[in-house]
Amino acid sequence: MASLHRTRNDLGENIRKASVNVLNGTLTDMIDLTNAVRMAHWTMKGPNFIGLHEMLEQFYNELFATADEVAERLVQLGGTPDGTSQIVAEKSRLAPYSQQTTYTLDHVKELADRFANLGKSVREGIDSTDDAGDADTADLLTGLSRDLDKKLWMLEAHLQEK
Ligand SMILES: [Fe+2]
């Protein structure tokens, strides 16, 4: 990782480096997931179309807003966001999203897998940033993880069988 930008923030450099790494991993996955959610919003067809179409619009707007907070937090710590399309494609830890998926519930399953994967890595990030001594980043990630869990629930509720 490139060296950090200077800041008057009193957190030690090693703590800030660790947090920037965690936040950049979270950022690339969030941008990738936001794009997947938008693809589903655009391409889905099938039962519950309008409810899912509108729910996913809310999801991508909220994910986009939180990705901004994640990127700005890592800049505050002296980092540089991994925010370009090229870097996101290279570094995202989520599975590539298929352009061919159309059926509503297939999209819901694909998205639920990815929300669960991101939720898991964000939870790991909460622990590592908290252990390192950056309570503010842990707090930001805690809010994000609660939101990801809620969205996972809203997706999984569509997959309930009788
Ligand atoms: Fe739209």
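Residues numbered from 1 in each chain as written. Predicted model: local features only at pLDDT ≥ 70, side-chain atom pairs only at ≥ 80, totals over all residues. Heavy atoms only, no water.

Moving on: the packing of aromatic side chains. Enumeration according to the criterion identifies one aromatic pair in this entry. Sitting over the ring of Tyr60, Arg38 keeps its end group 4.3 Å from the ring centre. A cation over a ring is seen here: Lys151 above Phe59, with NZ or CZ 5.1 Å from the ring centre. (Phe/Tyr/Trp six-rings, centres within 6.5 Å; stacked < 30°, edge-to-face > 60°. Lys NZ or Arg CZ within 6 Å of the ring centre and 35° of its normal.)

Relative to each other, helix 2 (residues 49–76) and helix 5 (residues 135–156) sit at 165°, their axes nearing to 11 Å. The orientation of helix 2 relative to helix 5 falls into the category roughly antiparallel. Between helix 2 and helix 5 lies a crossing of left-handed hand. Between helix 2 and helix 5, the residues in contact are Met55, Leu56, Phe59, Glu62, Leu63, Thr66, Glu69, Val70 and Arg73 and Asp136, Thr137, Leu140, Leu144, Asp147, Leu148, Lys151, Met154 and Leu155, respectively. Its residues assigned to classes, the contact of helix 2 with helix 5 comprises 10 nonpolar, two polar and six charged. (Axes fitted to C-alpha atoms, helices over the stretch in contact; angles between N-to-C directions. Helix = DSSP H or I, 4+ residues; strand = E, 2+ residues; numbered from the N terminus. Parallel < 35°, antiparallel > 145°, perpendicular 65-115°, else oblique. Left-handed = near helix turned anticlockwise from the far one by under 90°. Contact = heavy atoms within 4.5 Å. Nonpolar A, V, L, I, M, F, W, Y, C, P; charged D, E, K, R; others polar.)

On to the UniProt feature "domain: Ferritin/DPS" (unreviewed entry) in the chain. On the UniProt side, "domain: Ferritin/DPS" (unreviewed entry) is annotated at positions that read residues 22–161 here. With 77% helix and 0% strand, residues 22–161 has end C-alpha atoms that lie 37 Å from one another. (UniProt positions renumbered as here; feature names shortened; annotations may be inferred.)

Ranked by size, the top nonpolar core spans 38 residues in total, and within it Leu33, Val37, Leu56, Leu111, Phe115 and Leu155 carry the most contacts. If you list the elements that add at least two residues to this core, you get helix 1 (13–43), helix 2, helix 4 (104–132) and helix 5. It is helix 2 that contributes the most residues to this core, 10 residues altogether. Among residues more than four places away in sequence, those in contact with Leu155 are Met55, Leu56, Phe59, Val108, Leu111, Ala112 and Phe115. (Core = buried A, V, L, I, M, F, W, Y, C linked by side-chain atoms within 4.5 Å. Buried < 20%, exposed > 50% of the residue type's maximum accessible area, 1.4 Å probe, protein only.)

In this model, the largest pocket occupies a volume close to 190 Å³. Leu27, Met30, Ile31, Thr34, Asn35, Arg38, Tyr60, Asn61, Phe64, Ala67, Asp68 and Ala71 are the residues that line the largest pocket. Elements that contribute at least two residues to the lining of the largest pocket include exactly helix 1 and helix 2. Of the residues contributing to the lining of the largest pocket, the split by class is seven nonpolar, three polar and two charged. (1 Å grid on protein atoms, 1.4 Å probe; cavity = no way out; pocket = protein on both sides within 12 Å on 5 of 7 lines; lining within 4 Å. Points joined across faces, edges and corners; volume = space filled by probe spheres on them.)

Moving on, we come to the pattern of salt bridges. Scanning the model with the defined rule gives nine salt bridges in all. The salt bridge involving Glu62 is made with Lys151; its shortest N-O contact spans 2.5 Å. With Glu62 in helix 2 and Lys151 in helix 5, this residue pair connects regions lying 89 residues apart in the sequence. Here Lys151 falls in the buried class, since its relative accessible area comes to 2%. For the salt bridge of Lys91 with Asp82, the shortest nitrogen-to-oxygen distance reads 3.3 Å. The class for Asp82 is buried, based on a relative accessible area of 14%. (Salt bridge = Lys/Arg side-chain N within 4 Å of Asp/Glu carboxyl O.)

Quick look at the side chain of Thr129 now. Positionally, Thr129 belongs in helix 4. Dropping the residues within four chain positions of it, Thr129 is found in contact with Ser19, Val22, Asp134, Thr137, Ala138 and Leu141.

Contact geometry for helix 1 and helix 5: axes closest at 11 Å, N-to-C directions at 20°. Considering their axes alone, helix 1 and helix 5 lie roughly parallel with respect to each other. Of the two possible hands of crossing, helix 1 and helix 5 adopt the one that is left-handed. Facing helix 1, whose interface residues are Ser19, Val22, Leu23, Thr26 and Met30, helix 5 presents Thr137, Leu140, Leu141 and Leu144. Its residues assigned to classes, the contact of helix 1 with helix 5 shows six nonpolar, three polar and no charged.

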